Every structure is written in structure tokens, then in C-alpha cells.
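# Structure assessment
For reference, the chains in residue letters:
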Amino acid sequence: MVHGFETRAIHAGQEPDPRTGAVIPPIYATSTYAQDGVGGLREGYEYSRSANPTRVALEECLASLEGGSRGLAFASGMAAEDTLLRTVMGPGDHLVIPDDAYGGTYRLVSRVVERWGVSWTSAPVSDVDAVRAALRPETKVVWVETPTNPLLNIADVEMLADAAHEVGALLVVDNTFATPYLQQPLFLGADVVVHSTTKYCGGHSDVVGGALVVADDELGERLAFHQNAIGGVAGPFDAWLVLRGLKTLAVRMEKHCDNAERVVTALMEHPRVADVLYPGMRTHPGHHLARQQMHRFGGMVAFRVAGGEEAAVQVCDRAQVFTLGESLGGVESLIEHPGRMTHASAAGSPLEVPEDLVRLSVGIESIDDILIDLEQALQL
Ligand SMILES: *Cc1c(COP(=O)(O)O)cnc(C)c1O
């Protein structure tokens, strides 16, 4: 029997410990495992870079939540991305990335991956024709975020999967913003799902981690080989924190969405706000598509402040319930200025973001406190 999402989030990969009955998987803080005679492994464990029971529990849970056959947990989202690209690309290959990609993804591609002899093109992923135009015979990966960071554009995963597959490329979806609770890209035809589990999956701003989930067994095997060969694995304590976070993902996401919707309504009516970007707004260009491929619209909201860069920076500086900081997806509300913070590395590139943009990760505090804080931060 296939259980519902909330049930799988709490139980997948996590049978009570057969020896003690412990309901929660222990933190297996061990590097190595005793063998029963040379090569006699108990349950397949030999060394914790290759496999660790706490990490395996997390990997099975993530695979179940995304509807994949294999999950792999890494030390960070970037370690997951690096391992993926090294597995599926080589010199002479080409990839397409979003023209408003996560800053770290842009930096990895433009400053690290390019040096292996891989070429890349950025394209607006909300425009399928533009992505198609960027494809080449040697394209191996089409990389998509949806909603994108920080502009919250929506990409059509089904159409982009078809486009990528026509040239023999993989469609990779960074599902960090939506989480498997709101969107399951593998069911829409994507080949690989990437997560920074640092964000909503962990959900409490207390761990850095990453993950890959795939549907195809053979690709899963190749990724597992590279995960071990490269070694950017999640440690057992970090894996345990993410596993704990996942148990409440569904209820947290519902509350993040509730609060974000209230914030959007308040911002839309505010005279100092020039524009609000949220896929849940009927006027958002990706709204219809978001309705089809997402369960709700998420906790991330961006807006442009009338008065330009200085005004936007001031709003960030004045906020109090919203903590000024990078990252996102935790229970606490965060505010940031992408142009000077998360996306500073894209300055002067085609991926530069508007200078009057403010990004919110709307937390799950009392909505009244959130709204009052935004109101005071926006005061002239
Ligand atoms: C944070 C983030 C990453 C990178 O993950 P780390 O855990 O910081 O290495 C990748 N993609 C998106 C969308 C992110 O927000």
C-alpha cells in the first residue's frame, strides 16, 4: 500500500530499531563497521563515506517523498550539484541554466564547471521557446528552478522535459523552493531533483545539507558511485536533523503558504511597493502553470521597493521580526537584498537581479507580528 505524503514523511526509511525498539533512527556516529570474517558485512555497511544507516534512512525518506527510486544525501546543496554535474557531464558537453539561477549554481557553472571544458548558456526558464533555442546537439543537462530564485518565475517542467529529451539531455529540477510537498518534478517528467535540504526540508536553519533524487535505477547507481568516489556526503548528525525536519514538512509548508499569502495581500496594497512577485497572484505570468504543477505557491515572496536600491536596503535594515540574513526555508522569517547579498556574485552578468528587489522567506510566526513588522519597515 502506498501511504500518503505526511505518513511517508514520518515513516519512510525509518522502521523502529529491531534491537531496542527506538522509534527514531539513531545517529550512527561511526566511520567503520565490524566485519564477520573478511568481507563479511552486516547489512552491507563497511565505511561511512559509502553508506551510513542514518544517512540511508534520510535517503530512503527523500526518495519516497519525491516519488523516486533512489535518494542521495550530501554535505550541502552545492556538493549535490557538483556531484551530479561530474556524473553526467564531461569536456565538450553543454548545459543550459536559468537566467536567474541561484547564485551558487551560477558560480559553480561559470567558475568551476566551465574550467573542465563544459560550455553553458543561460535562458529564461519560464520561456520554453527560449530554452529550446539554447539547446545544442551536445547539451547534456537542462537545469531548471521553479519557482526561480529570487524572481519566482515558473518553468513548465513537462514541456521542458520533452524539449531536453529530444536532444538526449537530462532535465534537472532544483526543487528547493517548492519542496516535494508542493511539487514533485519526477512525476512531471524530470530526470533528477536537486535539493538544498538546508532550506525547507531541514526547516529550522540549523543544518547545511543537499540531496539528489532520481527515478532511473541506472542513473541512481552512477550517482551513488560518484557520491562515494567524490565523498561530499552528509554526516550522520546532519542527516538526522534533516530527517527530523522532514517529519513536519507538510504542516510547516501549509503555514508558510498561509502566511506568504497574507504578506502578498498586504504588499500589493502598499504605496511604497512597486511590484510584488509571487506565483499565487492571478497577475503573475506563471500563475496558471503554477496552479497545475504545484499544490500551493510556497513561502517565498519578492517585491520591488519604490525609491530604488537605497530604499530596498533600508527596508531590509529596518525589519525586526524578519531577521536580515541569507538562506531561506526556516521557521523564522528572513529578509534580504539579493543584489548585495545572495546574488552579489551575479553582478554585471546576464543573471544580475533588479537593485530595488527585496526577498522574503516568510516564516511561521504569528501573522500579525509579521505584517506589523513589514509595515514599520516600509515606513518612510
Ligand atoms: C541554498 C540553495 C542551493 C545551495 O544549497 P547549499 O545547501 O547552500 O549548498 C541551491 N539551490 C537553491 C535554490 C538554494 O536556495
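Residues numbered from 1 in each chain as written. Predicted model: local features only at pLDDT ≥ 70, side-chain atom pairs only at ≥ 80, totals over all residues. Heavy atoms only, no water.

Named according to an unreviewed UniProt entry, the protein chain is Cystathionine gamma-synthase originating from Phytoactinopolyspora halophila. The Cofactor (unreviewed entry) field of the UniProt record for the protein chain holds the comment "pyridoxal 5'-phosphate". Turning to the protein chain, the UniProt record has this under Sequence similarities (unreviewed entry): "Belongs to the trans-sulfuration enzymes family." (UniProt positions renumbered as here; feature names shortened; annotations may be inferred.)

### Some details on the domain arrangement of the protein chain
Assigned domains of the protein chain: these are domain 1 (5-247) and domain 2 (250-377). With centres defined by C-alpha atoms, the gap from domain 1 to domain 2 works out at 25 Å. Around 3,100 Å² of area is buried between domain 1 and domain 2 when both sides are counted, 65% of it from carbon and sulfur atoms. The largest per-residue losses of area from domain 1 upon contact with domain 2 belong to Tyr 181, Leu 182 and Tyr 200, which jointly make up 24% of the total buried on that side. At the boundary of domain 1 with domain 2, the tally comes to zero salt bridges. Counting across the interface, domain 1 meets domain 2 through 13 residue pairs in polar contact (both at pLDDT 80 or more). (Domains from an automatic or database assignment. Buried area = accessible area lost by both parts, 1.4 Å probe. Salt bridge = Lys/Arg side-chain N within 4 Å of Asp/Glu carboxyl O. Polar contact = N/O pair within 3.5 Å; in protein donor to acceptor, adjacent residues only side chain to side chain.)

### Quick look at the site of the ligand
Near the ligand, the surroundings consist of 13 residues, among which Met 78, Asp 174, Ser 196, Thr 198 and Lys 199 are the closest. Note that a nitrogen atom of the ligand is positioned 2.6 Å from one of the side-chain N or O atoms of Asp 174. The separation between an oxygen atom of the ligand and a polar side-chain atom of Lys 199 is 2.7 Å. Protein burial of the ligand: of its 370 Å² of free accessible surface, 92% is covered by the chains. Broken down by element, the residue count for the shell around the ligand peaks at three residues, all from helix 3 (residues 77-88). Classifying every residue of the shell around the ligand gives four nonpolar, six polar and three charged. (Near = heavy atom within 4 Å. Areas by Shrake-Rupley, 256 points an atom, 1.4 Å probe, with all protein chains shown as cover. Helix = DSSP H or I, 4+ residues; strand = E, 2+ residues; numbered from the N terminus. Nonpolar A, V, L, I, M, F, W, Y, C, P; charged D, E, K, R; others polar.)

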